[in-house]
2 protein chains.
Amino acid sequence: MTFSTNTSAHSRASLAVSVKLPSSESQNTVLAYLSQDYIALPPGTSVAEAQALFCSGIKNEQIPSQIFVVDDDDHLFGLVPVKSLLQADKEALLSDLMRSVGFSLTPEKTRHEACVEIKKSASNYIPVLSYGKLKGVLGPLEIAQLLEDENTLDSQLQGASSPLETPYLQSSVFTLWRKRSVWLLLLFVAEAYTSSVIKSFEDQLEAAIALAFFIPLLIGTGGNTGTQITSTLVRAMALGEVGLKDLGAILRKEISASVLIALTIGTAGFIRAWMLGVGMEVMMVVSLTLIAITVWSAIVSSIIPMLLRKVNIDPAVVSAPFITTLIDGTGLLIYFEIAKVMLTDLAV
Amino acid sequence: MTFSTNTSAHSRASLAVSVKLPSSESQNTVLAYLSQDYIALPPGTSVAEAQALFCSGIKNEQIPSQIFVVDDDDHLFGLVPVKSLLQADKEALLSDLMRSVGFSLTPEKTRHEACVEIKKSASNYIPVLSYGKLKGVLGPLEIAQLLEDENTLDSQLQGASSPLETPYLQSSVFTLWRKRSVWLLLLFVAEAYTSSVIKSFEDQLEAAIALAFFIPLLIGTGGNTGTQITSTLVRAMALGEVGLKDLGAILRKEISASVLIALTIGTAGFIRAWMLGVGMEVMMVVSLTLIAITVWSAIVSSIIPMLLRKVNIDPAVVSAPFITTLIDGTGLLIYFEIAKVMLTDLAV
């Protein structure tokens, strides 16, 4: 019985409360999810001793999949899978069974970074180390909570709203107003330039009022194309499937796909304009604008999530409203410029 | 040693391959995630025997948190937490430690339903039963995979695209075109009625061309308001926080919040119209339209996800493009009807 008491399973339990800081600063880091529900023993512990300590040290229904091997100062040497421990010869020492630590996290790591790394590593019992010292673990429950909180954040951001800190039904009307109106006002100010764009083409519009019929259809389609791309990319980035290095491959893929989509939608637009009886010239303008807006939207929507990642902003902020706002104004410019060139009575 | 060999840990292992059907029908049910990595023993097994079988039966790094107590026909009686098993008196029988099964799933349950139930139950080791017979388990790894697949589906749906079956970078250009153009064309057809709406107000528009300046701003803001609400509700429904029974509470909350938001945005719209110098009448029309569209959008966006859930459609299909398409046309109607009433030179 040579193990130091300060590394036994029991002394650990007392730490559990002190480390959970609910301060807003630590809420988005690994620290907020840290569990003290682990067993750490010195390398000289015998298997028989470790087995007994393991069995008596289990604190809840969740069985740890690993125990840790540490020195007197909590520096982590390695780990022993509980499978090996339970199946090993009772005379052996933990140092005989010890494996190196493949994957660990630091307490300061942000939740977003931790999510990407956890998904890549596919670990579900992760030691958290600060300067080599074991500070706690993330077990399956903590990991599930961390991933779910991040998914909730992503889905709130994708709806262009600040995340709610409380469950929906407990959130007050005032909280909803505060969380949402900030984003709505920002989007409103950004979208307001569309009015200036249309005003600057007032003469063209008066000469061919039929151009106004297609404004929502054209900019709406541009926004939808972009939203499809960003939502796919934002998710692929959250899963760690794509990163900055793939920008070239993504652009090639998205531009090629968008040309096919543009031809499909351009044809649909031609038919729709024909149904409204607006004349061949406007039909051509609508059709060409749809093609141009679709490809333009694809390029913008492929680049922006990558750019944000580059400057360390969570790409999940690129929501549908964000893309819509960006494409609406530039789409109108494309529309009226094409109209200016194509419509003979405007080409004065 | 009276336990029947066909319920021992070893004979289970051989089942693992045969049950994983990769058919597309089973892909979205619990069956596709079923693991055979569990230990089931008869109730008469002694603790000493069960401990030895448990230790030798661990097949991978993941330690089961429960063992199951079954009869000769695999009917599930109850479960024994591994914590109790490892800490119990060796002379006791499993039947002495046995607890009732609190939560189980059936293999046919859809992934979407399973997600909601798993989140509610907070279980991370779940027996899967068919007519009372134990067919397998969902352990922490399987549960994590199931939740992640569902989150990926939700985020693809929220982007108004059919889900990709392959990782993004492995998906071909043709696949992207196929998955996306179906949705885009549907949205295009739905959005196309906006052209008819504007055409039907052609006279009003010619009389007051300034009305056209605000079309993207007004319908964009309506769409953004709705997107904020649906994304919050869709997520809250996925987490099991709200259900159909909460419709009244949701409507009360959302309508109250939207009135506050409408007044905020209405003021912003008044200022923006004033900046463009369009005259007091159009300023009033823009401001009133923003107020009406915001409240209208809140009502529609609160009800639709609930209606879809009612008819068993995954509410995650209510994406930003879906809401935008719905609000664009109705928003234009509201706009031009208000204009007809308010603008004196149109009121002929």
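Definitions and limits used
- Sequence order sets the numbering: in each chain, residues are counted from 1 along the sequence as written.
- Labels are handed out in written order, letters beginning with A for the chains and numbers beginning with 1 for the ligands.
- With the structure being a predicted model, the display of local features is reserved for residues of pLDDT at least 70 and the display and counting of side-chain atom pairs for 80 or more, all residues being used for whole-chain, interface and lining totals.
- Values shown for side chains rest on all heavy atoms present in the structure; no hydrogens or waters enter the calculation.
- UniProt positions are given in the numbering used here, feature names are shortened, and annotations may be inferred rather than shown by experiment.
- Under the scheme used here, helices are H or I runs from DSSP no shorter than 4 residues and strands are E runs no shorter than 2 residues, and both carry numbers assigned from the N terminus.
- The size measure is the radius of gyration over C-alpha atoms, and the globule rule it meets is 2.2 Å times the number of residues to the 0.38 power.
- Only protein chains enter the area calculation, which uses a 1.4 Å probe; residues under 20% of their type maximum are buried, those over 50% are exposed, and those in between are partly exposed.
- Note on contacts: a residue pair qualifies if any of its non-hydrogen atoms lie within 4.5 Å across the two residues.
- Per-residue and other accessible areas follow the Shrake-Rupley method at a 1.4 Å probe size, with only the shown protein chains counted as cover for residues.
- In summary, the charge assignment counts Lys and Arg as positive and Asp and Glu as negative, without counting His or the chain termini.
- For the purpose of locating charges, the reference atoms are NZ of Lys, CZ of Arg, CG of Asp and CD of Glu.
- What sets the superposition is a least-squares fit of C-alpha atoms, and only residues with pLDDT of at least 70 in both copies go into it.
- Arc definition: it is the arc formed by the directions from the helix axis to the C-beta atoms.
- DSSP bridges decide pairing: two strands pair if at least two such bridges lie between them.
- Residues belong to a common nonpolar core when they are buried Ala, Val, Leu, Ile, Met, Phe, Trp, Tyr or Cys residues joined through side-chain atoms within 4.5 Å.
- Summed over both partners, the accessible area lost on bringing two parts together, with a 1.4 Å probe, is the buried area.
- The term salt bridge refers to a side-chain nitrogen of Lys or Arg lying within 4 Å of a carboxyl oxygen of Asp or Glu.
- Distance and chemistry together define a polar contact, namely a pair of N or O atoms within 3.5 Å, with one atom able to donate a hydrogen and the other to accept it when in protein, and with adjacent residues in sequence counting only for side-chain atoms on both sides.
- A fitted line through C-alpha atoms serves as each axis, taken over the contacting stretch for helices, and the angle formed by two N-to-C directions is quoted from 0 to 180°.
- Here the word oblique covers every angle except those under 35 degrees (roughly parallel), over 145 (roughly antiparallel) and from 65 to 115 (roughly perpendicular).
- Handedness of a helix crossing follows the sense of rotation of the near helix relative to the far helix, less than a right angle counterclockwise being left-handed and clockwise being right-handed.
- In this scheme Phe, Tyr and Trp rings, the latter by its six-membered ring, pair at centre separations within 6.5 Å, and the angle between planes marks the pair as stacked below 30 degrees, edge-to-face above 60, and tilted otherwise.
- What pLDDT reports is the predictor's confidence in each residue, on a scale of 0 through 100.
- The split of the chain into domains comes from an automatic or database domain assignment.
- Gly is placed with the polar residues, together with every amino acid not listed as nonpolar (Ala, Val, Leu, Ile, Met, Phe, Trp, Tyr, Cys and Pro) or charged (Asp, Glu, Lys and Arg).
- Handedness of a crossover: with both strands directed away from the viewer, a clockwise path from the first strand across the helix to the second marks it as right-handed.

An unreviewed UniProt entry lists chain A under the name Magnesium transporter mgtE, with Cedecea lapagei as the source organism. The Sequence similarities (unreviewed entry) comment attached to chain A in UniProt states, word for word, "Belongs to the SLC41A transporter family." Comment text from UniProt for chain A, heading Subcellular location (unreviewed entry), reads "Membrane".

*Asks:* Would you take a moment to explain the overall build of chain A for this structure?
*Replies:* A count of helices and strands for chain A gives 15 helices and five strands. The C-alpha atoms of chain A give 29 Å as radius of gyration, which overshoots the globular expectation for 348 residues (20 Å, by more than 25%). Dimensions of chain A along its principal axes, counting C-alpha atoms only, are 100 × 45 × 30 Å. Expressed as a percentage of its 348 residues, the buried residues of chain A come to 57%. Counting contacts in chain A only where the partners sit at least 6 residues apart, residues at least 24 apart contribute 67% of the total. When the accessible surface of chain A is totalled, it reaches about 13,900 Å², and 62% of it is carbon and sulfur. One finds the centroid of the 24 positive side-chain charges in chain A at a distance of 2 Å from the centroid of its 32 negative side-chain charges.

*Asks:* Mind showing me how you'd approach the relation of the copies chain B and chain A here?
*Replies:* Two copies of the chain are present, and they differ by a rotation about an axis and a shift along that axis. Once chain B has been moved 0.0 Å along the axis and rotated by 180°, it coincides with chain A to within an RMSD of 0.1 Å. In the structure described here, the two chain copies are related by an operation that fits a two-fold rotation axis. When the interface residues of chain B are mapped onto chain A, 100% of them again lie at the interface, so the same face is used by both copies.

*Asks:* Just to check I follow, could you spell out helix α9 (residues 193-200) of chain A for this structure?
*Replies:* Since one α-helical turn is 3.6 residues long, residues separated by three or four positions face the same way. Listed as buried for α9 of chain A are Thr194, Ser195, Val197 and Ile198 of chain A. Along the long axis of α9 of chain A, the arc covered by the buried residues comes to 160°, so they all point the same way.

*Asks:* Whenever I open this one, unusual backbone geometry confuses me. Can you help?
*Replies:* In most cases, non-glycine residues show a negative phi, while peptide bonds are predominantly trans. Residue and element names in this part refer to chain A. Within the chain, Tyr131 stands out as a residue other than glycine whose phi angle is a positive 50°. Tracing the backbone shows Tyr131 in the loop between β4 (126-130) and β5 (133-138). For Tyr131, a relative accessible area of 80% puts it in the exposed group.

*Asks:* In this structure, what is going on with the sheet that holds strand β3 (residues 76-81) of chain B? I would like to understand it.
*Replies:* Within a beta sheet, neighbouring strands are joined by backbone hydrogen bonds and run either parallel or antiparallel to one another. Strand order across the open sheet formed by three strands is β1-β2-β3 (chain B), with mixed pairing between neighbours. Either end of the sheet is taken by a strand with one partner, and the two such strands are β1 (40-41) and β3 of chain B.

*Asks:* What is the right way to look at the nonpolar core in this model?
*Replies:* Among soluble globular proteins, nonpolar side chains are generally buried collectively. Counting 94 residues, the largest nonpolar core has Phe214 of chain A together with Phe214 of chain B as the members making the most contacts within it. Each residue touching Phe214 of chain A, except ones within four places of it in the same chain, is listed here: Ala273, Leu276, Val278, Val282, Val286 and Tyr335 of chain A together with Ser195 of chain B. Phe54, Val80, Ala88 and Leu97 of chain B belong to the second largest nonpolar core, which has 38 residues in total.

*Asks:* I'm lost on the interface of chain B and chain A in this one. Help?
*Replies:* As a measure of interface size, the accessible area lost when the parts come together is often cited. Across the contact, 98 residues belong to chain B and 99 residues belong to chain A. Between chain B and chain A, a total of about 8,800 Å² is buried, with carbon and sulfur atoms accounting for 66% of that surface. Counting the contacts that link chain B with chain A gives two salt bridges. Where chain B meets chain A, there are 27 residue pairs in polar contact (both at pLDDT 80 or more). Per element, the largest residue contribution to the side of chain B that touches chain A is 15 residues, and it comes from helix α12 (residues 215-238) of chain B.

*Asks:* Looking at this structure, I do not really get the packing of helix α13 (residues 247-275) of chain A against helix α8 (residues 173-191) of chain B. What am I missing?
*Replies:* If you want to describe how two helices pack, look at the angle between their axes and the distance between the axes. Look at α13 of chain A against α8 of chain B: their axes get within 9 Å of each other, and the N-to-C directions meet at 30°. Here α13 of chain A is positioned roughly parallel relative to α8 of chain B, judged by the angle of their axes. You can see that α13 of chain A and α8 of chain B cross each other, and the crossing is right-handed. Across from Lys253, Glu254, Ser256, Ala257, Leu260, Ile261, Thr264, Ile265, Ala268, Gly269 and Arg272 of chain A in α13 of chain A, the residues of α8 of chain B making contact are Val173, Leu176, Trp177, Arg180, Ser181, Leu184, Leu185 and Phe188 of chain B.

*Asks:* Is there a simple way to think about the packing of aromatic side chains in this case?
*Replies:* Here the distance between the centres and the angle between the planes together describe a pair of aromatic rings. Residues and elements named next belong to chain A. For the structure on display, the rule yields twelve aromatic pairs over all chains. Measuring from ring centre to ring centre gives 6.1 Å for Tyr38 and Phe68, while their planes differ by 75°; the resulting arrangement is edge-to-face. You can see Tyr38 sitting in the loop between α2 (16-19) and β1 (40-41) and its partner Phe68 sitting in strand β2 (residues 66-70), a full 30 residues away along the chain. You can call Tyr38 buried: its relative accessible area is 1%.

*Asks:* Mind showing me how you'd approach the confidence of the model for chain A here?
*Replies:* Should the pLDDT be low somewhere, the predicted coordinates at that spot are not to be read in detail. Residues and elements named next belong to chain A. The pLDDT averaged across chain A works out to 84; a share of 91% of its residues lies at or above 70. Here α2 stands out as the element of chain A with the lowest mean pLDDT, 33, in contrast to α13, whose mean of 93 is the highest. Segment residues 1-25: pLDDT under 50, and 40 contacts once partners within four positions in sequence are set aside and those in other chains are kept. Predicted complex, confidence summary: ipTM 0.72, pTM 0.72.

*Asks:* Before we go on, may I ask you to explain the domain arrangement of chain A in this structure?
*Replies:* Residues and elements named next belong to chain A. Domains assigned within chain A are domain 1 (26-159) and domain 2 (171-346). Domain 1 and domain 2 are separated by 46 Å when their C-alpha centres are compared. Domain 1 puts eleven residues into the contact, and the matching count from domain 2 is 16 residues. For the domain 1 and domain 2 pair, buried surface summed over both sides reaches about 970 Å², with 50% attributable to carbon and sulfur atoms. Between the two partners, domain 1 and domain 2, sit zero salt bridges. Taken together, the connections running from domain 1 to domain 2 amount to one residue pair in polar contact (both at pLDDT 80 or more). Put simply, the parts of the chain that give the side of domain 1 that touches domain 2 at least two residues each are α6 (111-121) and α7 (140-158).

*Asks:* Just to check I follow, could you spell out the packing of helix α6 (residues 111-121) of chain B against helix α7 (residues 140-158) of chain B for this structure?
*Replies:* All names here are of chain B. Orientation of α6 relative to α7, taken along the N-to-C sense of each, is 120°, at an axis distance of 10 Å. By the angle between their axes, α6 is oblique relative to α7. The hand of the α6/α7 crossing is left-handed. Counted together, Arg111, His112, Ala114, Cys115, Ile118 and Lys119 of α6 and Ile143, Leu146, Leu147, Asp149, Glu150 and Leu153 of α7 form the full contact between these two elements. Here the residues of the contact of α6 with α7 are counted per class, giving seven nonpolar, one polar and four charged.

*Asks:* I keep staring at the pairing of β2 of chain A and nothing clicks. Help me out?
*Replies:* For a regular strand, side chains alternate in direction, first toward one face of the sheet and then toward the other. All names here are of chain A. In terms of burial, β2 is largely enclosed, as five of its five residues are buried. Burial along β2 is two-sided: the face carrying Gln66, Phe68 and Val70 and the face carrying Ile67 and Val69 are both buried. Summarising the sheet, β1 and β2 pair through two bridges and their orientation is parallel. Directly across from Leu41, in β2, lies its bridge partner Val69. For the segment spanning β1, helix α3 (residues 47-57) and β2, crossover handedness is right-handed. In this structure, β2 lies alongside strand β3 (residues 76-81), joined through five bridges in antiparallel fashion. By the bridge assignment, Val69 is partnered in β3 with Gly78. Hairpin geometry of β2 and β3 is characterised by an intervening segment of five residues between the two adjacent antiparallel strands and by a positive phi of about 70° at Asp74.

*Asks:* What exactly am I supposed to notice about the pairing of strand β4 (residues 126-130) of chain B here?
*Replies:* Residues and elements named next belong to chain B. With five of its five residues buried, β4 lies for the most part within the structure. Along β4, one buried face is formed by Ile126, Val128 and Ser130 and the opposite face, lined by Pro127 and Leu129, is buried too. For β4 and strand β5 (residues 133-138), the ladder comprises five bridges, and the chain directions are antiparallel. When the bridges of β5 are listed, Ile126 appears paired with Leu138.

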